[in-house]
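Report on the structure
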Amino acid sequence: LLYSELKQTGEALKESEERFRQVAEHVPEVFWLYDFESERVLYVNPAYQDIFLATPQDLYEDRESWTEIIHPDDIARVRDIYENHRKEELNFEFRIVRPDDSTRWIATHRIPVYNDAGEVYRLVGISEDITERRLLEEQLIQSQKLESVGRLAGGVAHDFNNLLTPIIGYSQMAMRALPPEDNVHTQLQHIYQAAERASNLIRQLLTFSSRQIIEPKV
């Protein structure tokens, strides 16, 4: 009976391990397990090689090997997390510069694992390549900035156009009241031409802000 129970337990364990392997080896995120007692990585799935361009064996042999490709601007922050917040649950993002010189954004979520005594003895974590998401976020921010500039440009252009309208109108009226050979007529002509050039610039600003001036014509 004891042998039969041990056999069933062994088969159940083997089946459980097989299910874990199938899941872990086919998810696109990096799944890893770290042990504090042995101070080594117990497991990392094949996705590590796809994202970090290094083999799991590299990590098994040297648990710090992945830190060698952290972006120089992020290395101090990441080291602080691993030295001063070793056993805390954390979400953090950092960049890596891979052997092919490509820069990728990595998001890591790690969770502490407690033993029967209530002490943290392992960390389990998931690391994900979020480069595409970061690029989309940056493009959205840039788009929002351009939209704000466009609204500002449109508002300024409309206000400026309101100032130019009487300048152009009164210049035309004053020129009609003077003979073309009059010196003041020539000066008014310069004012009118400058105002027209300014009006053309306003049209360009309004085009940029997608707010066109309506120009009624006979």
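Up top is the structure these notes are about.
Residues numbered from 1 in each chain as written. Predicted model: local features only at pLDDT ≥ 70, side-chain atom pairs only at ≥ 80, totals over all residues. Heavy atoms only, no water.

**Some words on the overall build of the protein chain**
Where we set the bar: Strands are runs of DSSP state E lasting at least 2 residues, helices are runs of H or I lasting at least 4, and numbering of each runs from the N terminus. Buried, partly exposed and exposed residues are distinguished by accessible area as a fraction of the type maximum, computed with a 1.4 Å probe on protein chains only: under 20%, between the cut-offs, and over 50%, respectively. Residue burial considers only the protein chains on display, and all accessible areas are found by Shrake-Rupley using a 1.4 Å probe.
From N to C terminus, the protein chain includes six helices and five strands. The order of helices and strands in the protein chain, counted from the N terminus, is α-β-β-α-α-α-β-β-β-α-α. Expressed as a percentage of the 218 residues in the protein chain, the buried residues total 29%. Taken as a whole, the protein chain presents about 15,000 Å² of accessible surface, with 55% of it coming from carbon and sulfur.

**Re the packing of aromatic side chains**
Stated precisely, the cut-off is as follows: Centre distance within 6.5 Å is the pairing criterion for rings of Phe, Tyr and Trp, where only the six-membered ring of Trp is used; planes under 30 degrees apart are then read as stacked, over 60 as edge-to-face, and the remainder as tilted. Cation placement over rings: the criterion is NZ of Lys or CZ of Arg within 6 Å of the ring centroid and within 35° of the ring normal.
The tally for this structure, following the rule as stated, stands at seven aromatic pairs. Plain terms: the ring middles of Phe31 and Tyr43 are 6.2 Å apart, the flat faces sit at 55° to each other, and that makes the pair tilted. Highlighted residues: Phe31 in strand 1 (residues 30–35) and Tyr43 in strand 2 (residues 40–44), separated in sequence by 12 residues. When sorted by exposure, Phe31 lands in the same class as Tyr43, which is buried. Aromatic pair Tyr82 and Phe92: ring centres 6.1 Å apart, planes at 85°, arrangement edge-to-face. Linking Tyr82 in helix 4 (residues 75–84) with Phe92 in strand 3 (residues 90–97), this pair joins segments that are 10 residues apart in sequence. A relative accessible area of 8% places Phe92 in the buried class. Aromatic rings pair up to connect Trp66, Tyr82, Phe92 and Phe94 into one cluster. Across the ring face of Phe36, the terminal group of Lys87 is positioned such that the distance to the ring centre comes to 5.0 Å. The ring of Trp105 carries Arg134 above its face, with NZ or CZ at 3.7 Å from the centroid.

**Focus on the layout of surface pockets**
Over the atoms a probe the size of a water molecule is rolled, and this reveals where empty space is left. Note the following rule: Put plainly, a pocket is an open set of points on a 1 Å grid over the protein atoms alone with protein on both sides within 12 Å along at least five of seven lines, a cavity is a set where a 1.4 Å probe fits but cannot get out, and a lining residue has an atom within 4 Å of a point. Grid points are joined across faces, edges and corners, and a volume is the space filled by probe spheres set on the points.
In this structure, the largest pocket encloses a volume near 480 Å³. The wall of the largest pocket is formed by 23 residues, among which Tyr34, Arg63, Glu64, Trp66 and Tyr82 lie closest to the centre. When residues of the lining of the largest pocket are traced back to their parent elements, those giving at least two are strand 1, helix 2 (47–52), helix 4, strand 3 and strand 5 (120–129). No other element matches helix 4, which puts four residues into the lining of the largest pocket.

**Focus on the pairing of strand 5**
Threshold: Pairs of strands are assigned from DSSP output, requiring at least two bridges between the strands.
Where strand 1 lies against strand 5, six bridges are found, and the strand directions are antiparallel. Across the sheet, Asp35 pairs through a bridge with Arg122, a residue of strand 5. The pairing of strand 4 (residues 103–114) with strand 5 spans nine bridges and is antiparallel. In the sheet register, Ala107 faces strand 5, and the bridge partner there is Glu128. Between strand 4 and strand 5, which follow one another and run antiparallel, lie five residues, and Gly118 among them has a positive phi close to 80°.

**Topic: a negative patch on the surface**
So the rule is basically this: Patches in this entry comprise residues that are over 30% relatively accessible and not in a salt bridge; like charges within 9 Å are linked, as are nonpolar side chains (Val, Leu, Ile, Met, Phe, Trp, Tyr) within 5 Å. Each salt bridge in this description consists of a side-chain nitrogen of Lys or Arg and a carboxyl oxygen of Asp or Glu lying within 4 Å of one another. The charge count treats Lys and Arg as positive and Asp and Glu as negative. His and the chain ends do not count. Where a charge lies is defined by one atom per residue type, namely NZ (Lys), CZ (Arg), CG (Asp) and CD (Glu).
Residues Asp58, Glu61, Asp62 and Glu68 make up a contiguous surface patch of negative charge. Tracing the chain through its elements places Glu68 in the loop between helix 3 (56–61) and helix 4.

**Quick word on the nonpolar core**
As a reminder, the rule being used: For our purposes a nonpolar core is just a set of buried Ala, Val, Leu, Ile, Met, Phe, Trp, Tyr and Cys residues, chained together by side-chain atoms within 4.5 Å. Here, residues are in contact when the closest pair of their heavy atoms is within 4.5 Å.
The biggest cluster of nonpolar side chains holds 23 residues, and the ones touching the most others in it are Val30, Val44, Tyr48, Phe52, Trp66 and Phe94. Elements with a contribution of two residues or more to this core: strand 1, strand 2, helix 2, helix 4, strand 3 and strand 5. Top element by residues in this core is helix 2. It accounts for four residues. Contacts of Phe94, omitting those with residues within four sequence positions, involve Trp66, Ile70, Asp74, Arg77, Val78, Arg104, Trp105, Ile106 and Thr108. Counting 10 residues, the second-largest nonpolar core is a separate cluster that includes Ala157, Leu164, Leu188 and Tyr192.

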